[in-house]
Amino acid sequence: MTDARGRQLLPGQTSRVHVYDVDRREPRLVFESSTVLVEAPNVLDDRTLVLNGDGDLWLLRIPDADTVLDESALERVPMPGVPEINNDHVLDPSGKSVVVSSRDGDLYRIPLPAGGASAPLTHAADALPVVRKYYLHGIAPDGGALAAIVGERSEDGVWTTDVALVDVASGEPTFLTRDEHPDDGVSYAGEMLVWNSERFSPGTAQLVALWPGATEPVRITNDDRVNWFPHVSPDGAHLLYLSYEPGVQGHPADHRVELRLLPGALVRGARMMPVPETLVTLDGGQGTVNVPPWSPDSTWFAYCDYPVDHPGSE
């Protein structure tokens, strides 16, 4: 008997995928399964999502209105030579490949929509005496660099997470932060970078941005909630992020969370103090929007939730 791959559903839990129309402020359920937990949707094109589940990569064709698909609609993407992956994956701007983070800490490039040989991009396991793992969330507009969180454990057992740009040709990281403050969720917003950090509020993740040529990030959010995984829409108009209740540590699964929206101009340095708009309140967290979920035309995004049907509840 082999161990289960990937995160698994709890008893009575379902895994769902929604697409959210920004203009209408309206979500639509497109997938639901009580057997496979899918996570972290990317948008390959206006009819196709890329997700991970059971340690593998999958394509999901978005159905017509009033249709909800199940696990039989998932199309497995071949990953020859790639071990079990987690939910950190980003699409190359060309649309011809996806870079995934494996649970051994390395990054791999996988051809899309299917077929061809996978290729390793990093060699985290060889980085002794420091143990290094890569967690991928973004890719440069020209495809030449990967925005990643690099976790390192030193010989004396100290674990740090820092922001780095990984060269796709050499696999070598260039660190943008090297400090004790936890960072995560780094992605591109045009030529800028945006991520969540505890730099300004230890113990409470807030969103920050780094402008081209700068060395110090600028704070975007400043509240008592725990804010993760910022994603700027391709047109730069919207900043979508995941918001936990105060006091949550990390980005755990199975919490009551909010998907919130702010003007994308905040990332570019606009001086305004808008109140974040809560678009959806859901059961999720880990897996909901770990990676860029926006459609190419910025009119909608995809997300996952994981409700639990408790026996006896109405």
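For the structure given in this document, a descriptive report is provided here. Please read all numbers here as calculations on a predicted model, not as lab measurements. (Residues numbered from 1 in each chain as written. Predicted model: local features only at pLDDT ≥ 70, side-chain atom pairs only at ≥ 80, totals over all residues. Heavy atoms only, no water.)

### With respect to the overall build of the protein chain
Here is step 1: Helix and strand content of the protein chain: zero helices and 23 strands.
Here is step 2: The C-alpha radius of gyration computed for the protein chain amounts to 18 Å, which stays within 12% of the reference 20 Å derived for 314 residues, consistent with globular compactness.
Here is step 3: Considered along the principal axes of its C-alpha atoms, the protein chain spans approximately 50 × 50 × 40 Å.
Here is step 4: Relative to its 314 residues, the protein chain shows a buried fraction of 53%.
Here is step 5: A separation threshold of at least 6 residues defines the contact pool for the protein chain, and within that pool the share at least 24 residues apart is 46%.
Here is step 6: Approximately 13800 Å² of the protein chain is accessible, and the part contributed by carbon and sulfur atoms is 51%.
Here is step 7: Taking the average place of the 23 positive charges on the side chains of the protein chain and the average place of its 47 negative ones, the gap between the two points comes to 2 Å. (Helix = DSSP H or I, 4+ residues; strand = E, 2+ residues; numbered from the N terminus. Rg over C-alpha atoms; globule rule 2.2 N^0.38 Å. Buried < 20%, exposed > 50% of the residue type's maximum accessible area, 1.4 Å probe, protein only. Contact = heavy atoms within 4.5 Å. Areas by Shrake-Rupley, 256 points an atom, 1.4 Å probe, with all protein chains shown as cover. Lys, Arg positive; Asp, Glu negative; His and termini not counted. Charge placed at Lys NZ, Arg CZ, Asp CG, Glu CD.)

### What about the pattern of salt bridges?
Here is step 1: Summed over all chains, the structure comprises 15 salt bridges.
Here is step 2: Its salt-bridge partner being Asp64, residue Arg47 comes within 3.3 Å of it at the nearest N-O pair. With Arg47 in the loop between strand E3 (38-45) and strand E4 (48-53) and Asp64 in the loop between strand E5 (56-61) and strand E6 (75-77), this pair connects stretches of sequence that are 17 residues apart.
Here is step 3: When the shortest N-O distance is used, the salt bridge between Arg256 and Asp283 registers 3.1 Å. In this pair, Arg256 is assigned in strand E21 (residues 255-263) and Asp283 in strand E22 (residues 277-284), connecting sequence segments 27 residues apart.
Here is step 4: The exposure class assigned to Asp283 is partly exposed, which follows from its relative accessible area of 29%. (Salt bridge = Lys/Arg side-chain N within 4 Å of Asp/Glu carboxyl O.)

### Topic: the sheet that holds strand E15 (residues 183-189)
Here is step 1: In spatial order, the strands read E15-E16-E17-E18; together these four strands make up an open sheet with antiparallel pairing. Looking along the sheet, the strands with just one partner apiece sit at the ends: E15 and strand E18 (218-219).
Here is step 2: Both strand E16 (residues 192-197) and strand E17 (residues 206-210) contribute to a ladder of five bridges, which runs antiparallel. Across the sheet, Val194 pairs through a bridge with Ala209, a residue of E17. (Pairing = 2+ DSSP bridges.)

### Focus on the packing of aromatic side chains
Here is step 1: For the structure shown, the criterion picks out four aromatic pairs.
Here is step 2: Summarising the aromatic geometry, the rings of Trp294 and Phe301 are spaced 5.3 Å apart at their centres and angled 65° between planes, so their arrangement reads as edge-to-face. With respect to burial, Trp294 and Phe301 carry one shared label: buried.
Here is step 3: Chaining the aromatic ring pairs together yields one cluster made of Tyr20, Trp294, Phe301 and Tyr303. (Phe/Tyr/Trp six-rings, centres within 6.5 Å; stacked < 30°, edge-to-face > 60°.)

### Some points on unusual backbone geometry
Here is step 1: Even without being a glycine, Asp66 presents a positive backbone phi close to 70°.
Here is step 2: Looking at the element boundaries, Asp66 is found in the loop between E5 and E6.
Here is step 3: Despite not being glycine, Phe229 shows a phi value in the positive range, around 50°.
Here is step 4: By secondary structure assignment, the location of Phe229 is in strand E19 (residues 226-232).

### A closer look at the pairing of E17
Here is step 1: When you tally the buried positions in E17, you get five out of five residues, the bulk of the element.
Here is step 2: The two faces of E17 match: Gln206, Val208 and Leu210 on one face and Leu207 and Ala209 on the other face are all buried.
Here is step 3: Where E17 lies against E18, two bridges are found, and the strand directions are antiparallel. In the sheet register, Val208 faces E18, and the bridge partner there is Arg219.

### With respect to the side chain of Glu152
Here is step 1: In this fold, Glu152 is placed in strand E12 (residues 145-153).
Here is step 2: A polar atom in the side chain of Glu152 sits 2.6 Å from the side chain of Arg132.
Here is step 3: One polar contact links Glu152 to Arg178, side chain to side chain, over a distance of 3.2 Å. (Polar contact = N/O pair within 3.5 Å; in protein donor to acceptor, adjacent residues only side chain to side chain.)

Keep in mind that these numbers describe shape and distance, not what the molecule does.
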